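One-letter residues, chain by chain:
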Amino acid sequence: MRENRDIMRFNVFLGSIILHSILATCDRLRTACGIIKDKRLRGIGFNGSVTKDPHCDDIGHLMVENHCLRTRHGEKNAISNTDKPYLQNAEAIIIATPCLDCTKDLIHEGVKKINYMGAYSNAKGKEIIKEMAARHGVMFRQFDIDFADFFQGLFDLLARPGGVLYRAGYRLKITKEPIEKKEEK
């Protein structure tokens, strides 16, 4: 039962981080990062422009060598939004492959476990981040997730006795429908 509770906690944190990615302001990759310590979500950040600067969603991307430089990455914002003591020996959960700079920042701040979902083929420095993490004793794990199954599992938990959906008298059912993707800007 203990292990199941730990898995449930991880999934709830991951769900919260995924939902925070909705607030990201660069449509090249809406991502977020959460910092976990002592079984608590201690800080969260999503990618977006520096405070009071315009966002990609409003004025477009600032492209240099196929990377948008207008946004501050979710990992950097999560570090800024987490009280310093909670970064030491913490765990990060990231919605995409972290870039080399963000990996360096997380390692420098004392994060000891980096979990990331899926892959982002445009991550800068991706060819050396695993090697760097290993050199610093940081666990670096990639998860491939079927998001429909993932959210269905969370909704099923909410439909258990005492849950918000149970009290409302219904359950939710996830269905997959293809999205017509626009050409990248």
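Structure's up top.
This structure is a prediction, so every number in the text was calculated from the model and none was measured. (Residues numbered from 1 in each chain as written. Predicted model: local features only at pLDDT ≥ 70, side-chain atom pairs only at ≥ 80, totals over all residues. Heavy atoms only, no water.)

Mapped onto the fold, Glu91 is located in strand S7 (residues 91–94). The contact partners of Glu91, leaving out residues within four places of it in the chain, are Phe10, Gly34, Ile35, Ile36, Val111, Lys113, Asn115 and Arg141. (Helix = DSSP H or I, 4+ residues; strand = E, 2+ residues; numbered from the N terminus. Contact = heavy atoms within 4.5 Å.)

With that settled, the discussion passes to the packing of helix H4 (residues 100–108) against helix H5 (residues 126–135). Relative orientation of the contacting elements H4 and H5 amounts to 10 degrees, with a least axis distance of 9 Å. By the angle class used here, H4 and H5 are roughly parallel. On the side of H4, the interface is formed by Leu100, Thr103, Lys104 and Ile107, while H5 contributes Ile128, Ile129, Met132 and Ala133. Classifying every residue of the contact of H4 with H5 by side-chain character gives six nonpolar, one polar and one charged. (Axes fitted to C-alpha atoms, helices over the stretch in contact; angles between N-to-C directions. Parallel < 35°, antiparallel > 145°, perpendicular 65-115°, else oblique. Nonpolar A, V, L, I, M, F, W, Y, C, P; charged D, E, K, R; others polar.)

Throughout the structure, instances matching the rule amount to zero disulfides. Free of any disulfide, Cys102 has its nearest cysteine sulfur in Cys99, 3.7 Å distant. (Disulfide = S-S within 2.5 Å.)

By secondary structure assignment, the location of Thr25 is in the loop between helix H1 (2–20) and strand S1 (32–37). Excluding anything up to four places from it in sequence, Thr25 contacts Arg30, Asn47, Gly48, Ser49, His55, Cys56 and Asp57.

On to the nonpolar core. Ile35, Leu106 and Ile114 are the most contacted members of the largest nonpolar core, which totals 19 residues. Contributions of two or more residues to this core are made by S1, helix H3 (74–80), S7, H4, strand S8 (113–117) and H5. In this structure, Ile114 is in contact with Ala92, Ile94, Pro98, Thr103, Leu106, Val138, Met139, Phe140 and Arg141, ignoring residues within four places of it in sequence. By size, the runner-up hydrophobic cluster in this structure holds 14 residues, among which are Ile18, Ile44, Ile95 and Met117. (Core = buried A, V, L, I, M, F, W, Y, C linked by side-chain atoms within 4.5 Å. Buried < 20%, exposed > 50% of the residue type's maximum accessible area, 1.4 Å probe, protein only.)

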